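Analysis of the macromolecular model
Okay, here's what each chain looks like letter by letter:
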Amino acid sequence: MNGADRPLVELAGISKHFGEGDTRVDALSEVSMSVMPGEIVGLVGPSGSGKSTLLNVIACILEPSSGRMRIEGKDIYDNRWLKGNLRRLRLDKIGFIFQFHNLLPFLNALENVAMVRELAGASSAEARARATELLDYLGVGHRKAAMPATISGGEAQRVAIARAIANRPRIILADEPTAALDSQRAGIVMDLMSQVAKEQQAAVIVVSHDEKIFNRFHRIFHLRDGRLETVESAPVQANASGMQEP
Amino acid sequence: MNLAYRDIRHGLGRFALTCVGLGMLLGVVLAMIGIYRGLVTEALALVRAPQADMWVVEADRRGPFAESSRIPGDTREAMERIHGVAAAGSVTYMTTDVERPGGRLRFQLVGYEPGRPGGPRNLIAGRSLARSHFELVADRSTGLAIGDTLMLGRNRFTVTGLTAGQVTSGGDPVAYISLLDSQKLQFELAPPAARIEMARGTAGGGKDTVNAVIVQLLPTVPVSEVARSVARWKHLTAISQADQENILTRSVVQRARQQIGLFTSILLVVSAVIIALIVYTMTMDKVREIATLKLIGAPDRTIVGMIVQQAVALGGTGFLVGAILISSVKDYFPRRVVMQPEDGLALAGVVLVVCLISSGLGVRLALSVDPAKALGG
């Protein structure tokens with residue numbers, strides 16, 4: 001099995017419970033799923049269905065009670081990974097996109113993107129060059145000196161995408177990335193994520209309530225009461241942006 | 001990329017105001033240290049002025065500053081006859097409080113023999129005493145000017161010279177008059193009291209009494225040798241200059257030193273608590289950003305570094321503000337404030353340590369932040 005055929009993210013029988021006895025809550029029960037390179041999948045479900053818990057598990061910040069998780073074929077949560085190593089894994093392998101962009105308010109757009117490159121060990125010059133390249137690619141190069149408080153929601157989300165892909169991660173986790181955007185901007189953001197998934201051969205996992213973007217997913221995982229209820233294959237619309245990832 | 005600097009730059013106004021507030025507090029700490037130093041300097045000014053090697057006072061007394069001391073006026077002549085004594089001079093000390101235009105003036109009056117040890121030092125204007133009577137050399141902190149006159153007892157004295165920095169351990173300025181004038185002021189009874197004494201048949205007691213004799217020795221003669229000679233007179237005690245300074249700093253101003261020292265310590269503790277609270281609040285304001293940093297993979301040292309650097313920047317800037325503030329206003333304090341570089345450096349070191357310790361609270365909070373908070377979880 002070569003790299004393209006192997007799932008980037010594999011979950012097998014993942015369960016997570018909080019508390020014990022009468023106060024025990026089963027947030028996830030026997031969830032199994034996998035995401036292939038270049039695939040963009042949706043995690044959907046009502047509130048309390050376990051989407052956030054599953055996202056935290058995939059993000060390597062919440063250890064499941066049982067089950068196995070693999071990233072690029074390597075077992076995570078098998079007691080060989082120290083906390084610091086998981087953080088390094090997130091820095092190198094996972095990009096995060098948030099509902100409210102979560103840009104650091106004291107850094108400008110360029111610095112927000114360059115920071116993750118510097119954290120990964122790149123020189124300041126190299127990090128800034130990469131950040132400039134990505135901001136230009138995402139159409140917000142002209143706003144690189146702007147502070148997050150002074151740019152629009154759509155621009156901020158593009159900067160956040162630039163930050164998420166700055167280290168060329170293999171997995172992108174997006175938590176309600178379009179919830180704070182109007183339809184047009186939401187479409188642009190999804191175009192960008194599809195583009196990145198395709199060109200970078202990254203696995204993109206999107207938690208969303210936004211039905212307008214469901215048609216952008218290759219597959220949709222429906223969660224209810226912590227269980228994976230159905231897996232739906234969706235027809236993916238063509239990417240309209242036509243941009244080439246640098 | 002220095003996150004601490006960029007965060008400070010982003011909230012520069014707030015940071016500057018916080019530094020000014022902290023600077024005022026640290027300025028008070030610096031002022032207290034300066035007041036403490038000033039207290040010691042002032043306490044030693046009077047005792048160092050005569051450049052004595054030895055003080056001869058009443059037997060079994062630690063005079064003339066810590067205790068009263070009265071010895072015969074001819075003691076000075078006896079001292080001059082001891083081998084190894086280069087010069088000696090009789091002195092009297094008395095505190096006086098006189099009425100003058102603009103309010104009452106309280107000062108220490110020193111009587112000395114012109115031409116002998118015990119006279120004024122640091123003369124900044126005018127001349128020393130040239131006549132045996134009714135002339136006065138005053139410290140400029142009295143507010144007197146050359147040519148001014150002052151009623152002391154029943155006589156009017158004219159200011160002939162001014163000194164600088166001549167004050168007592170209590171901060172009162174010092175004025176110098178001749179020994180004869182001071183003996184008359186200190187020991188002569190007012191006419192009604194003298195008449196009563198005369199009627200009782202006790203009048204006529206000698207006025208030739210002094211408080212101490214200041215002795216300067218030849219360079220090769222040890223103090224202990226002359227002190228042994230003095231000890232043969234049972235009514236006298238010899239105190240070396242070092243012991244006299246020790247009496248002043250360890251006895252006369254000891255309580256004041258302790259009071260100021262304790263107050264300074266309390267202020268430092270208060271500063272530490274305030275710095276800790278400021279750093280904690282600054283960290284609380286950044287919980288979401290810290291969670292985001294953790295989630296995207298920033299190592300703990302990046303986050304801890306940001307908090308510690310900000311705490312140190314806060315303390316350092318606050319210290320500079322305080323130092324500049326106190327340096328600008330120290331001359332307006334009623335008591336002398338002595339700023340010494342080594343004290344400033346020591347406080348800067350203490351502030352640095354306090355900042356590092358205080359930032360621990362913020363660091364603890366930052367390390368406990370759950371990265372899931374960034375995901376809204």
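In this numbering scheme, every chain counts its residues from 1 along its sequence in written order. Chain A is the first chain written and ligand 1 is the first ligand written, with later ones labelled in order. Whole-chain, interface and lining totals are the exception, using all residues; otherwise, since this is a predicted model, local features are given only for residues with pLDDT of at least 70 and side-chain atom pairs are given and counted only at 80 or more. Heavy atoms throughout the structure, all of them, feed into the side-chain values; hydrogens and water do not.

1. Re the overall build of chain A
Put simply, the rule is: Here a strand is any run of E in DSSP of at least two residues, a helix any run of H or I of at least four, and the numbering for each starts at the N terminus. The globule rule used for comparison is 2.2 Å times the number of residues to the exponent 0.38, while the radius of gyration itself is calculated over C-alpha atoms. Classification of residues uses two cut-offs on accessible area relative to the type maximum, computed with a 1.4 Å probe and protein chains only: under 20% is buried, over 50% is exposed, and between them is partly exposed. In this analysis, two residues are considered to be in contact whenever any of their non-hydrogen atoms come within 4.5 Å of each other. All accessibility values rest on the Shrake-Rupley procedure with a 1.4 Å probe; residue burial counts only the protein chains present in the view. Charged residues are defined narrowly, with Lys and Arg counted positive, Asp and Glu counted negative, and His plus the chain ends left uncounted. Just so you know, the charge point we use is NZ for Lys, CZ for Arg, CG for Asp and CD for Glu.
The helix and strand inventory of chain A stands at 6 helices and 10 strands. What you see for chain A is a C-alpha radius of gyration of 18 Å, in line with the 18 Å of a compact globule of 246 residues. In chain A, buried positions account for 56% of the 246 residues. For chain A, the proportion of contacts with a sequence separation of at least 24, taken over those separated by at least 6, is 69%. Accessible area of chain A: about 10200 Å², with a carbon and sulfur share of 48%. Chain A carries 29 positive and 29 negative side-chain charges, and their two centres are separated by 4 Å.

2. So, the packing of helix 8 (residues 254-284) of chain B against helix 11 (residues 341-368) of chain B
Residue and element names in this part refer to chain B. Stated precisely, the cut-off is as follows: Axis lines are fitted through C-alpha atoms, for helices just across the contact stretch, and the angle between N-to-C directions can take any value from 0 to 180 degrees. Rotating anticlockwise by less than a right angle from the far helix to the near helix defines a left-handed crossing, while the corresponding clockwise rotation defines a right-handed one. We call Asp, Glu, Lys and Arg charged. Ala, Val, Leu, Ile, Met, Phe, Trp, Tyr, Cys and Pro are nonpolar, and the rest, Gly among them, are polar.
Their axes nearest at 8 Å, the elements helix 8 and helix 11 cross at an angle of 35°. For the element pair helix 8 and helix 11, the recorded crossing hand is right-handed. Residue-level inspection shows Leu268, Ala272, Ile275, Ala276, Val279, Tyr280, Thr283 and Met284 of helix 8 in contact with helix 11, the latter providing Leu347, Val350, Val354, Cys355, Ser358, Ser359, Leu361, Gly362, Leu365 and Ala366. When its residues are assigned to classes, the contact of helix 8 with helix 11 shows 14 nonpolar, 4 polar and no charged.

3. Focus on the interface of chain A and chain B
The cut-off we apply is this: Accessible area, probed at 1.4 Å, shrinks when two parts are joined; the buried area is that loss added up over both. By convention in these notes, a salt bridge is any Lys or Arg side-chain nitrogen within 4 Å of a carboxyl oxygen on Asp or Glu. By the criterion applied in these results, polar contacts are pairs of N or O atoms within 3.5 Å in which, for protein atoms, one can donate a hydrogen and the other can accept it, and in which residues neighboring in sequence qualify only through two side-chain atoms.
Residue-level contacts link 24 residues of chain A with 25 residues of chain B. Each partner contributes to the roughly 2300 Å² buried at the junction of chain A and chain B, and carbon and sulfur atoms together form 64% of this total. Counting the contacts that link chain A with chain B gives 3 salt bridges. Among the ionic pairs, aspartate 300 of chain B bridges to arginine 87 of chain A, the shortest N-O distance being 2.5 Å. Run the count over chain A and chain B and you get 11 residue pairs in polar contact (both at pLDDT 80 or more). Those elements that place two or more of their residues in the side of chain A that touches chain B are helix 1 (51-58), helix 2 (83-93) and helix 3 (109-119) of chain A. Residue contributions to the side of chain A that touches chain B peak at 6 residues, all from helix 3 of chain A. Considering only residue class, the side of chain A that touches chain B consists of 15 nonpolar, 2 polar and 7 charged.

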